[in-house]
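Breakdown of the fold
Listed below are the residues making up each chain.
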Amino acid sequence: MSEIGFGNLTWDQLLTLDQVLDEVIPIHGRGNFPTLEVKPKYIIHVVKDQLIKQGIVVKDTRLNGSTASYILSSHNGIKYKDLDIVYGVELSSDEEFQVVRVVVLSCLLDFLPKGVKKEKITLNIMTEAYVQKMVKICKESDSWSLISLLNNTGKNIELKFVNSLKRQFEFSVDSFQILLDPMLDFYSDKNAKLTPESCPVVVAQSMYGDFQEAMTHLQYKLISTKNPEQIRGGGLLKYCNLLVRDFKPACEREIKNLERYMCSRFFIDFPDVAEQQKRIESYLQNHIINEEKSKFKYLMTLRGVVNESAACLMNHARRQTLDMITFMALKVLGEQNVLPTTDTVTCFYQPFPYFAFEGGYPSYYVASGPPPIFFQPFHPLQFNTPN
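Residues numbered from 1 in each chain as written. Predicted model: local features only at pLDDT ≥ 70, side-chain atom pairs only at ≥ 80, totals over all residues. Heavy atoms only, no water.

Let's talk about the sheet that holds strand β9 (residues 176–179)
Whether parallel or antiparallel, the strands of a sheet pair through hydrogen bonds between backbone atoms. What counts is decided by this rule: Strands are treated as partners if at least two bridges between them are detected by DSSP. Going along the chain from the N terminus, every DSSP run of H or I of four or more residues is numbered as a helix, and every run of E of two or more is numbered as a strand. As a rule, the C-alpha atoms of each element are fitted with a line to give its axis, helices using only the stretch in contact, and angles between N-to-C directions run from 0 to 180 degrees. Whether two residues are in contact is decided by their heavy atoms: any pair within 4.5 Å suffices.
Pairing in this open sheet of 8 strands is mixed, and the strands run β1-β10-β9-β4-β5-β8-β7-β6 from one edge to the other. A strand with exactly one partner marks an edge of an open sheet, and here the two such strands are β1 (6–8) and β6 (131–138). Neighbour-to-neighbour, the strand axes of this sheet turn through a mean angle of 25°, independent of strand direction. Across 3 bridges, the pairing between β9 and strand β10 (residues 203–206) is antiparallel. Bridge assignment links I178 to a residue of β10, and that residue is A204. This element, helix α2 (residues 40–53), spans β4 (57–64), β5 (83–90), β7 (143–149) and β8 (157–164) of the sheet and lies at about 15° to β5.

As structure tokens, then:
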């Protein structure tokens, strides 16, 4: 990529990066396993060194996604949860993928507290105790693995080992990657102190293409992407999350067309309603953590986008999806013990089970005031009772 995609970190951004890498992040153990207290700069460095010792070629080490965006624009209210670390590696066989797994789990053993009998703990036990999820993709254009370490507050350390990855971002504001190798080299000198005079040159790259344009989008909280049909899921769920967090489309004329591409790809990847619900629930669990009030707003935003832009769906399929999202939103309200105002909701008593209705329950919704809530109401006419 040309130089237009790169930019150097300022002194203030370097300080923020140092704070992120030096923060103690707990890796929680399941059951009776102890919590591991880990600083990112240590585990990133140890894993890199061990990979090299095992013969794995490590081209570079990067900080990716929302954490990189936070470092570049922390004053703008940008937040992050997962700590996404990307190792650029050369993996040509299943055996090398297995080496990566063994290296990460072996490094975790070294972070166990003193007094723990490590010789009795196998790598499978470490996986069960400390790994949130493991993913391995082996395709021609996409070859990578992911090991996510468990944190009960959702602040997982995610180690991603990328041999090849066709699409590395969803939107311009999450397209940044910060090259960590100069900082890792700096940390290896225990006597070094981070000052404006002695700090390393650290470079950030925007996978979106134009670094300054992406920075402008980040600064002013603007939504822009390219070819969303190339993203698994179309970027639809992330897009709705950005809307909920008060991001605005960079170009109002293009956004409706992009929404249709997002919806089209989402429903290609997840054609079944049960799959759609599982995907949405997973997104809420991983990306909207401890923000219960935001979940309802998110679901109703998603519902609005699907209702307006899912032209790829037949009417019946769209109604099924909209109903599913609506009932998810109502469930969220129920879990929060929140009752919507009577301006937006009408309640209907369900009939007794020994009533048999002719023609089923008619479709009905309440549209007087945002957001519209859909129901299947009790219809008091045309019913028969058994003899």
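Some remarks on the pattern of salt bridges
Should the charged atoms of two oppositely charged side chains come close, the side chains can pair. In plain terms, the rule: A carboxyl oxygen of Asp or Glu within 4 Å of a side-chain nitrogen of Lys or Arg is what we treat as a salt bridge. Relative accessibility under 20% of the residue-type maximum defines a buried residue, over 50% an exposed one, and the middle range a partly exposed one, all with a 1.4 Å probe and only protein chains included.
All chains considered together, the criterion is met by 10 salt bridges. When the shortest N-O distance is used, the salt bridge between K256 and E259 registers 3.5 Å. Placement of both K256 and E259 in helix α9 (residues 252–269) is noted, with a separation of 3 residues, approximately one turn of the helix. Residue classification places K256 among the partly exposed positions, given a relative accessible area of 37%. A relative accessible area of 3% means that E259 is categorised as buried. Note that D269 and R265 form a salt bridge whose closest N and O atoms lie 2.7 Å from each other.

Looking at helix α5 (residues 123–130)
Of the residues making up α5, those classed as buried are M126, T127, A129 and Y130. Packed against the buried residues of α5 are β2 (25–27), β3 (36–38), α4 (94–110), β6 and β7.

Focus: the side chain of S172
Tracing the sequence through the fold places S172 in the loop between β8 and β9. If we ignore the near neighbours within four places in the chain, the residues touching S172 are Y208, A214, H217, L222 and S224.

What about the pairing of β9?
Neither face of β9 is open: one carries F176 and I178, the other Q177 and L179, and all of them are buried. As paired elements, β4 and β9 share 3 bridges and run antiparallel to each other. Along β9, the bridge assignment pairs N64 with Q177.

Points about helix α12 (residues 315–335)
For the record, the criterion: Residue count minus one, scaled by 1.5 Å, sets the expected span of a helix.
When the terminal C-alpha atoms of α12 are compared, their 30 Å separation across 21 residues agrees well with the 30 Å that a helix rising 1.5 Å per residue should span. Here α12 has its buried residues at R318, T321, L322, M324, I325, T326, M328, A329, V332 and L333. The first or second residue beyond α12 is N337, which carries a positive phi of 60°.

Re the pairing of β10
As paired strands, β1 and β10 are joined by 3 bridges and run antiparallel to one another. Note that in β10 the partner of G7 across the bridge is A204.

Quick word on the packing of α2 against α4
Defined as follows: Under this scheme an angle from 65 to 115 degrees is roughly perpendicular, one under 35 degrees roughly parallel, and one over 145 degrees roughly antiparallel; angles in between are oblique. Rotating anticlockwise by less than a right angle from the far helix to the near helix defines a left-handed crossing, while the corresponding clockwise rotation defines a right-handed one.
Contact geometry for α2 and α4: axes closest at 10 Å, N-to-C directions at 135°. The orientation of α2 relative to α4 falls into the category oblique. The two elements α2 and α4 cross, and the hand of that crossing is right-handed. For the pair α2 and α4, contact is made by I43, V46, V47, Q50 and L51 and by V100, V103, V104, C107 and L108, respectively.

Brief notes about the side chain of D60
By the secondary structure assignment, D60 is in strand β4. For D60, a relative accessible area of 18% puts it in the buried group. Excluding residues that lie within four positions of it along the chain, D60 makes contacts with V86, Y87, G88 and D181.

Digging into the confidence of the model for the protein
Low-confidence regions, as indicated by low pLDDT, have predicted coordinates that should not be scrutinised in detail. Defined as follows: Confidence scores per residue from the predictor, reported as pLDDT, run from 0 to 100.
Model confidence for the protein is summarised by a mean pLDDT of 87, while 87% of its residues fall at 70 or above. Contacts from residues 352–387, a stretch scored under 50 in pLDDT, to residues over four places away or in other chains number 63 contacts.

Section: the environment of G235
Turning to its location among the elements, G235 is positioned in the loop between β11 (222–223) and α8 (236–244). Residues G235 and R265 lie 30 residues apart in sequence; the distance between their C-alpha atoms is 8.5 Å. Excluding residues within four positions of it along the chain, G235 makes contact with E170, F171 and M262.

Observations regarding the packing of aromatic side chains
For any pair of aromatic rings, the description rests on two quantities: the centre-to-centre distance and the angle between the ring planes. In plain terms, the rule: Note on ring pairs: Phe, Tyr and Trp rings are taken, using the six-membered ring of Trp, and paired if centres are within 6.5 Å. Classes follow the plane angle, with under 30 degrees stacked, over 60 edge-to-face and the rest tilted. When the NZ atom of lysine or the CZ atom of arginine is within 6 Å of a ring's centre and also within 35 degrees of its normal, the charge is said to sit over that ring.
The tally for this structure, following the rule as stated, stands at 10 aromatic pairs. With a centroid separation of 4.9 Å and 10° between ring planes, the pair formed by Y87 and F161 is classed as stacked. Of this pair, Y87 sits in strand β5 while F161 sits in strand β8, placing them 74 residues apart in sequence. On the basis of relative accessibility, which here comes to 0%, the residue F161 falls in the buried class. On the basis of an interplanar angle of 15° and a centroid distance of 5.7 Å, the ring pair of Y283 and Y298 is categorised as stacked. Note that Y283 is positioned in helix α10 (residues 273–287) and Y298 in helix α11 (residues 292–309), a separation of 15 residues in sequence. In this structure, Y283 and Y298 share a single accessibility class: buried. In this structure an aromatic cluster arises from ring pairing among F266, F267 and F270. The ring centre of W144 lies 4.3 Å from the NZ or CZ of K160, which sits over that ring.

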